[in-house]
Amino acid sequence: QVQLVESGGGLVQPGGSLRLSCKASRGFFSIMSMAWYRQIPGKQREFVARQHSLSGSNYTESVEGRFFISGDVFGATVDLQMNNLKAEETANYLCDIDGGLEGSTGRTDYWGTGTHVAVSS
């Protein structure tokens, strides 16, 4: 059993910045990648950023140069620094860890319930 808990969301004005954090309630046996997604009610969940354990990171084009992902695979934590936020980026931001837990066979994606970001004046 594991829970991913996101924090750092809130209300911010357009052009402002927020730093989101995600931490797992326990360690993983292995982690392949850690990522952030966002979702607006009634719309498809959207990929935002991913950090790969053994390579680099990648971002959706709309946030490149503004958002920066960082994480610690051993501590099972991942942060997302968001700069120059836009109103259309208002959403629930969710953390994803692709990994395997001790005592479990194989690996899968584990999700948090999200932290809400509201970009509005």
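Just so you know, these numbers come straight off a predicted model, no measurement behind them.

Rules and cut-offs
Residues numbered from 1 in each chain as written. Predicted model: local features only at pLDDT ≥ 70, side-chain atom pairs only at ≥ 80, totals over all residues. Heavy atoms only, no water. Salt bridge = Lys/Arg side-chain N within 4 Å of Asp/Glu carboxyl O. Helix = DSSP H or I, 4+ residues; strand = E, 2+ residues; numbered from the N terminus. Buried < 20%, exposed > 50% of the residue type's maximum accessible area, 1.4 Å probe, protein only. Disulfide = S-S within 2.5 Å.

*Asks:* What should I look at first to understand the pattern of salt bridges in this one?
*Replies:* Two side chains of opposite charge can pair, provided their charged atoms sit close to one another. Counted under the stated rule, the structure contains 5 salt bridges. Put simply, Arg-19 and Asp-79 hold a salt bridge, and the shortest N to O gap is 3.2 Å. Of this pair, Arg-19 sits in strand β3 (residues 18–24) while Asp-79 is found in strand β8 (residues 77–82), placing the two residues 60 residues apart along the sequence. Of the charged contacts, one joins Asp-98 and Arg-107 as a salt bridge, the two residues approaching to 2.9 Å between their closest N and O atoms. Given a relative accessible area of 14%, Asp-98 falls into the buried group.

*Asks:* Even after reading the chapter, I still don't get the state of the cysteines, so can you show me in this structure?
*Replies:* Disulfide: a covalent bond connecting the sulfur atoms of a pair of cysteines. For the structure shown, the criterion picks out 1 disulfide. Residue pairing for Cys-22: its cysteine sulfur links by disulfide to Cys-95, the two sulfurs lying 2.2 Å apart. Its S-S torsion of about -80 degrees marks the bond between Cys-22 and Cys-95 as left-handed, since a negative value means left-handed. You can see Cys-22 sitting in strand β3 and its partner Cys-95 sitting in strand β9 (residues 91–100), a full 73 residues away along the chain. Taken individually, Cys-22 and Cys-95 each receive the classification buried, so the pair is uniform in this respect.

Interpretation in functional terms is not warranted from these geometric data alone.
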